[in-house]
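What the coordinates show
Spelled out from the first residue to the last, the chains are:
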Amino acid sequence: MADAGVVETLLRRIEKVDDGVDSLEVANSLGVDHQVIVGAVKSLQSVGDVISAELRSSKHWELTEEGMEIAENGSHEARVFSSIPLEGLAQSELMKLSFGKIGFSKAMSSKWIRVDKTHEGGPRIFRTVESIEDQVREKLLLVQKGNTSQLEEKEKNELKKRKLLSEVTVKTYWITKGNSFSTTITKQETELTPEMIATGNWKEKKFKPYNFEAMGVAPDSGHLHPLMKVRTQFRQIFLEMGFTEMPTNNFIESSFWNFDSLFQPQQHPARDQHDTFFLSDPALAHEFPQDYLERVKKVHSEGGFGSQGYKYDWKIEEAQKNILRTHTTAVSARMLYKLAQQEKFTPVKYFSIDRVFRNETLDATHLAEFHQIEGVVADYGLTLGDLMGILHQFFTKLGITKLRFKPAYNPYTEPSMEVFSYHEGLKKWVEVGNSGVFRPEMLLPMGLPEDVSVIAWGLSLER
Amino acid sequence: MPTVGVKRDLLFKALGRTYTDEEFDELCFEFGLELDEITSEKEIISREQGDSKASGASDIILYKIDVPANRYDLLCLEGLVRGLQVFKNKLEAPRYRRVSPISGEPQKLIITKATAAVRPHAVAAVLRNITFTQERYDSFIELQEKLHQNICRKRSLVAIGTHDLDTISGPFTYTAKPPGDICFKPLNQTKEYTATQLMSLYKTDSHLRHYLHIIEDKPVYPVIYDSNGIVLSMPPIINGDHSKISLKTKNVFIECTATDVTKAKIVLDMMVTMFSEYCSQPFTVEEAEVVYPDGRTCIYPELAYRKEKLTSEFINRKVGINESTEKIAQLLTRMCLRSQATGVGDEIEVEIPPTRSDVIHACDIMEDAAIAYGFNNITRTTPRTYTVANQFPLNKLTELLRQDLAAAGFTEALNFALCSQEDIADKLGKKISETKAAHISNPKTAEFQVARTTLLPGLLKTIAANRKMPLPLKLFEISDVVLKDETKDVGASNSRRFCAVYYNKSPGFEVIHGLLDRTMQLLEVQPACGEGYHIQAADDSTFFPGRCAEIFVRGKSVGRLGVLHPDVINRFELTMPCSALEMDIEPFLGHTAETLLTHDVPMQEVIKHKFPTRNGSCQAPAPGPTSTKTVFGDMSTPAGLKALNDFLADKSYIEGFAASQADIAVFDAIPSAPPLTLCHLLRWYSHIKSFQRERAGLPSAMSQFVLPAIPPASTHNASDDDDDIDLFGSDDEAESVEAARIKEQRLAEYAAKKSKKPALIAKSSILLDVKPWDDETDMTKLEECVRSVSMDGLLWGQSKLVPVGYGIKKLQIGCVVEDDKVGTDLLEEAITAFEEYVQSVDVAAFNKI
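On a predicted model such as this, the values are computed, not experimentally measured, just so you know. (Residues numbered from 1 in each chain as written. Chains lettered and ligands numbered in written order. Predicted model: local features only at pLDDT ≥ 70, side-chain atom pairs only at ≥ 80, totals over all residues. Heavy atoms only, no water.)

**Describing the overall build of chain B**
Summing up its helical and strand segments, chain B has 22 helices and 36 strands in all. The buried share of chain B, reckoned over its 849 residues, is 47%. Contacts spanning at least 24 positions in sequence make up 69% of the contacts within chain B whose residues lie at least 6 apart. Only carbon and sulfur atoms are counted for the fraction: they give 52% of the accessible area of chain B, which is about 41500 Å². (Helix = DSSP H or I, 4+ residues; strand = E, 2+ residues; numbered from the N terminus. Buried < 20%, exposed > 50% of the residue type's maximum accessible area, 1.4 Å probe, protein only. Contact = heavy atoms within 4.5 Å. Areas by Shrake-Rupley, 256 points an atom, 1.4 Å probe, with all protein chains shown as cover.)

Written out as structure tokens, the structure reads:
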């Protein structure tokens, strides 16, 4: 804020005149720097329509420092001339004077002096004319007195070249009264303060308007990961539907639970080194439910439970190999086996959302690890229609209502269905998940009752 | 999923009509195929090699169709057309027949003993008077390739060789020889090579080099000769040039060599069923005889038709439809499974053709019925399964914590669970051998060498990737790490961790420490030694010396926090100071009344299930009862049945007025349906039979009606024949003996446990007020003194300082004592002994436990 006194004086001046005042004139008359007046104008502008100020710019000529010296003492050449007595002066003496060098050449070219180089005791300078007229000084004096207009443009430029004159631009304000002119001004407040509230003086204060165009300050907050937020949503849906969460906190699984127990044959391509991460340490699983393992071996190699089996040489060594689980269905298999170990079968609904691993090279569409969402229902007499119905409910909760099912193949489900939903944006059917009824070859060796069906579906969280 | 490319116009010609792309896509979808792509050779070449190369290529439209991985019968145009035509009711599924040659002996393939060392199995067949066209020939070659890639597992399990029979003469010998001794002109080569030379020749062949490893390091290589010593093929690498088939070939000899004989038979069946269509007598295949080293002979191809019986009720029940037996038989016939109602009840006899090797269980037949019915025509129903949802407690805790940590201003990161060894060891200033890390044997890149043992490297990498973001960076993650764990069946287990980092111009230890305090507040753990949490200076090479502390909760270390070592910061390409916190959250799991699920399975089965025998199909009645003895007499005798009949003359159920387990038990005790003469019994029997599906849900019996079977007199025969095809039935006795043994063992364990359990001890909980002399008494010293009092049967608990006025505080401390051993007088005496600090001791509260 500019000095309050200056502001007040300025306002009084404006009050006295009708048309307005020039800021530079005010500065000159008050004997203060022009910038002080400019500051006062700016601060008055910020408090509303007290004054109106019009920016004007004007150019004028000013003497340079050297020009001022000349205006006072005469031009260098004139001073050279006047310092030479009639008997002349030794050149070396002249050169000792501050103006000697410049003044000498100018005076020579004006032919005011001459040099006698043959004079004994070194070159000597003599006057050639009686008297001179110092035009440069006179011109500069004119400028100094403000009568610049009497000089010709050419003359001004020549003096400018000699760095005796300079042209300056002055920006001034033409100040007139504003609509709400008053000589007493109140400062606008920026913010409400506790003191104002306490004293109640906010009632008299004027407040600066806010700039509602600007953005607010970002809040200092943390965020949840977007994918994990989606996971929370899916968890919520399953919980709403009465599904219990499976303990999937075991990334390392034996091939037995990941494949063999699911009736996935040992030569299946998914069990290839190219698709699955095998472990070198701990390389093998060392404990299995022995009776169950025997039944799994039989159903693979010889069949049983109404099945022809795959008829191949099933090897325990292959089942022992530890891997990073390729699907959470490995945990479902453990859960269903445990369910079968209950005294009496009770219906269950299970779900899980957790990481699974595939030995892929990373690119835009392939990840070596991703989250699998899985739902499993085990009960007496579940039908394929039940699976479709429950999928319909599940996807409706996700906002997907148009579903259709394509027959598919999966080693451990029969029937198997790919779930497609109609994508309104893409205008086509897109695959959203996989589903099926677990094969009897998987369930019966576990010991589940024969008329219990287990329906399941899975999808990827990342999709 | 294999993809088959067929020419569209050829396909439509064979199907007898044209489709729009959409119509055909719809048909595929319904049948379980997927029209993956509509393209042309030109398009493929231009996409893969650029437009310039494609200019000469054909622009005939190709359909790329995805086929389910188990449907080998749909891997060529012939099979696809047959499948779709039968499905659309336009064609009856052909019957494939094996025939003897019209003249003379069948072709013979003699297997020598030497093959056992490398590839022991072989099967063969002949396609007689076949007519090839360019398209048929291409399809014939393509099918072999598709089979090789899929069921043959890149030729490792089975390799197919096809030969012009007129260029060779049987009998053929399948043998194995050292590579140097095998010499022949391979397919499409101009000169002869030894097998050794061939292996190096094909090292650079883009196609064949993938198969070399199958036999490369074997001492002998498999080879097939004809009677004149001409080499037919050196499976699984290459055929001989001499017998190669051409468009002019009339008679084809097909051999499949294998390490898996089941798959070899399937592959041979597929080849001959698909292409016998073009023989002069369509769908007939000439047999070939395979002679084994032991002299046994077998006739191939098997072309076996298998018959299965099931009921329409089974299909209706499993699918959730209600169709007549005849309709279901029709549906199955449309899936190439010729079926008819037998007339016995709702029974259907289904014939599984040799092309459908994927049908191995009644459920496969059920699926085909559902496909033919149309998946999308099935009514969508809601199962009435009633269950109560439970969250996995660890995940529940994780969810709650995550929310609050984000609210505390930290941003959640999600990192991979796999990383390089360097990330978890060298970069953190640790040795890999000390990390308990699980190592991956076959990673494709160094990014997947180990499962992470700590969350810290992931968060530091996230920071490195976000260095341009405005400071400070505050990140957290709650996720699993994997550690080797001997107690688990797989030798490793997950551990749920919470990790947070603060990255700014100053280390901000106080920020991370504050986050720990907030976390503990959320977990309802007080800051205190003993029962609460506290941190204590620790040495850790990951952290800056003197700037690391260990977190203790209830006396146990749960993790660490501190300012990271500058070397660690540099190794993660960071430039600012950074503080971090990592701790286990599993110790904070509260107790819950609900049963907890774990993925640990019992290794010993306690419940003995009755498993059906191999012969029993899905529809087989429940296995026979263990006992026929009931309170009504022995149900296997007419007298017993008569007694029960009389009992039921004026009763609907064995017990009470509703079906119960009593009925089920007696029902099961009756070996077979009772005779018509016992009308009351028969009425009851049929009625109870109708409860079969919900039998488990019936109320339990009030009393026992079935008496236990007499323990078997015979002892278990240790030398039981292992080849017994009766899967589990034969083990019944052994199992019951075993079960009894386990039961005894468990009883003994239980008794032992019970005896160890101490008799009930009377205990009390006491709250003491300990007052100091003045406000200058060192209260921590005072507490130390009090806690130093130790007696048998005394356990100190939580304590707090309570102001009493004038700046003086008293110590309020709890303890549990065994009444017999510790009295309050004794306690007071012991504490007031510390005269220097203690002015007086009062009992503030005393409660019997």
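**Comments concerning the interface of chain B and chain A**
At the junction of the two partners, chain B supplies 112 residues and chain A supplies 124 residues. Surface buried jointly by chain B and chain A totals about 10200 Å² across both partners, of which 55% is contributed by carbon and sulfur atoms. On the chain B side of the interface with chain A, the three residues burying the most area are Phe29(B), Arg380(B) and His599(B), jointly 7% of the side's total. At the boundary of chain B with chain A, the tally comes to eight salt bridges. Across the pair Arg404(A) and Glu26(B) runs a salt bridge, and its minimum N-O distance is 3.0 Å. Applying the counting rule to chain B against chain A returns 60 residue pairs in polar contact (both at pLDDT 80 or more). Within the side of chain B that touches chain A, the residues separate by chemical class into 49 nonpolar, 31 polar and 32 charged. (Buried area = accessible area lost by both parts, 1.4 Å probe. Salt bridge = Lys/Arg side-chain N within 4 Å of Asp/Glu carboxyl O. Polar contact = N/O pair within 3.5 Å; in protein donor to acceptor, adjacent residues only side chain to side chain. Nonpolar A, V, L, I, M, F, W, Y, C, P; charged D, E, K, R; others polar.)

**Comments concerning helix α7 (residues 100-109) of chain A**
Residue and element names in this part refer to chain A. Residues of α7 that are buried: Gly100, Gly103, Phe104 and Ala107. Seen end-on, α7 carries its buried residues on one side only, within an arc spanning 105°. Pointing more than 90 degrees away from the buried face of α7 are the exposed residues Lys101 and Ser109. One or two positions beyond α7, positive phi appears at Lys111, with a value near 60°. (Arc of directions from axis to C-beta.)

**Notes on the sheet that holds strand β18 (residues 306-311) of chain B**
Residues and elements named next belong to chain B. A sheet is described by the order of its strands in space; here three strands give the open sequence β18-β20-β19, paired in antiparallel fashion. The open sheet is flanked by β18 and β19 (338-341), the only strands paired with a single partner. Across the sheet, the mean angle from the axis of one strand to that of its neighbour is 20°, orientation sign disregarded. Pairing geometry for β19 and strand β20 (residues 347-352), over four bridges, is antiparallel. In the sheet register, Arg338 faces β20, and the bridge partner there is Glu351. Together, β18 and β20 form the strand contacts of helix α9 (residues 312-319), whose direction differs from that of β18 by roughly 70°. (Pairing = 2+ DSSP bridges. Axes fitted to C-alpha atoms, helices over the stretch in contact; angles between N-to-C directions.)

**Things to note about the nonpolar core**
Judged by nonpolar contacts, the single largest core of 129 residues is most densely connected at Trp457(A), Phe24(B), Leu127(B) and Leu147(B). For this core, the leading source of residues is helix α8 (residues 261-275) of chain B, giving nine residues. Look past the residues within four positions of Leu147(B) in its chain and what remains in contact with it is Tyr72(B), Leu75(B), Cys152(B), Ile160(B), Val267(B), Met270(B) and Met271(B). Counting residues in hydrophobic clusters, the runner-up holds 57 residues, among them Ile252(A), Tyr292(A), Ile360(B) and Val601(B). (Core = buried A, V, L, I, M, F, W, Y, C linked by side-chain atoms within 4.5 Å.)

**Brief notes about the confidence of the model for chain B**
All names here are of chain B. For chain B, per-residue confidence averages 86 on the pLDDT scale, and residues scoring 70 or more make up 91% of the total. Within chain B, the lowest mean pLDDT, 60, falls on helix α20 (residues 732-756), and the highest, 96, falls on strand β21 (residues 411-412). Below a pLDDT of 50 lies the segment residues 613-625, which in the model reaches 20 contacts outside its immediate sequence neighbourhood of four places, other chains included. For residues 711-734, every residue scores under 50 in pLDDT, and the model assigns this stretch 17 contacts once sequence neighbours within four places are set aside. Our summary of model confidence lists the complex with pTM equal to 0.70 and ipTM equal to 0.71. (pLDDT = per-residue confidence, 0-100.)

**Considering the pattern of salt bridges**
All names here are of chain A. For the structure on display, the rule yields 58 salt bridges over all chains. The salt bridge involving Glu253 is made with Arg334; its shortest N-O contact spans 2.8 Å. One end of the pair, Glu253, is in strand β8 (residues 252-254); the other, Arg334, is in helix α15 (residues 329-340), and 81 residues separate them in sequence. Note on accessibility: Glu253 and Arg334 belong to one class, buried.

**Structural notes on the environment of Pro383(B)**
Structurally, Pro383(B) can be placed in the loop between α11 (362-373) and α12 (393-407). Not counting the four nearest positions on each side in its chain, Pro383(B) is found in contact with Leu382(A), Asp386(A) and Ile390(A).

**A look at helix α14 (residues 456-465) of chain B**
All names here are of chain B. Most of α14 sits inside the fold, with eight of its 10 residues counted as buried. Buried within α14 are the following residues: Leu456, Pro457, Gly458, Leu459, Leu460, Thr462, Ile463 and Ala464. In this structure, the buried residues of α14 make contact with α13 (421-424), β25 (473-484), β26 (492-503), β29 (556-564), α16 (566-571) and β30 (578-584).

**Looking at the sheet that holds strand β2 (residues 51-63) of chain A**
The three strands lie next to each other as β1-β6-β2 (chain A), forming an open sheet whose pairing is antiparallel. A strand with exactly one partner marks an edge of an open sheet, and here the two such strands are β1 (21-22) and β2 of chain A.

**Remarks on the side chain of Lys318(B)**
Assignment of secondary structure puts Lys318(B) in helix α9. Of the buried charged residues, Lys318(B) lacks a salt bridge, with Asp451(A) as the closest side chain of opposite charge at 7.8 Å. Apart from residues no more than four positions distant in its own chain, Lys318(B) is found in contact with Leu382(A), Thr383(A), Leu384(A), Glu450(A), Ser453(A) and Met366(B). (Lys, Arg positive; Asp, Glu negative; His and termini not counted.)

**As for the packing of aromatic side chains**
All names here are of chain A. According to the stated counting rule, one finds 39 aromatic pairs over all chains in the structure shown. Ring centres 6.0 Å apart and planes at 25° place the aromatic pair Phe238 and Trp457 in the stacked group. Residue Phe238 is found in helix α11 (residues 226-240), and its partner Trp457 is found in strand β16 (residues 452-460); the two are separated by 219 residues along the sequence. For Phe238, a relative accessible area of 0% corresponds to the buried category. The class for Trp457 is buried, based on a relative accessible area of 2%. Ring centres of Phe251 and Phe357 lie 5.4 Å apart, and the angle between their planes is 65°; on these two criteria the pair is classed as edge-to-face. Here Phe251 is found in the loop between β7 (244-245) and β8, whereas its partner Phe357 is found in strand β11 (residues 348-357), with 106 residues between them in sequence. One exposure class covers both Phe251 and Phe357, and it is buried. (Phe/Tyr/Trp six-rings, centres within 6.5 Å; stacked < 30°, edge-to-face > 60°.)

**What to know about the packing of helix α5 (residues 77-87) of chain B against α8(B)**
Residue and element names in this part refer to chain B. Here α5 crosses α8 at 75°, and the two axes come no closer than 9 Å. In this view, α5 runs roughly perpendicular relative to α8, as classed from their interaxial angle. Each of Glu78, Gly79 and Arg82 in α5 lies in contact with α8, whose residues at this interface are Thr273, Met274 and Phe275. For the contact of α5 with α8, the class distribution of residues is two nonpolar, two polar and two charged. (Parallel < 35°, antiparallel > 145°, perpendicular 65-115°, else oblique.)

**A short note on the pairing of strand β5 (residues 107-111) of chain B**
Residues and elements named next belong to chain B. In β5, alternate side chains face the same way, and those of Gln107, Leu109 and Ile111 are buried while those of Lys108 and Ile110 on the opposite face are not. Where β5 and strand β16 (residues 288-291) come together, four bridges link them in parallel fashion. Bridging from a neighbouring strand, Ile110 pairs with Val291 of β16. Of the strand pairs in this sheet, β5 and strand β8 (residues 172-177) are connected by three bridges, and their pairing is parallel. Residue pairing across strands places Ile110 opposite Thr173, the latter belonging to β8.

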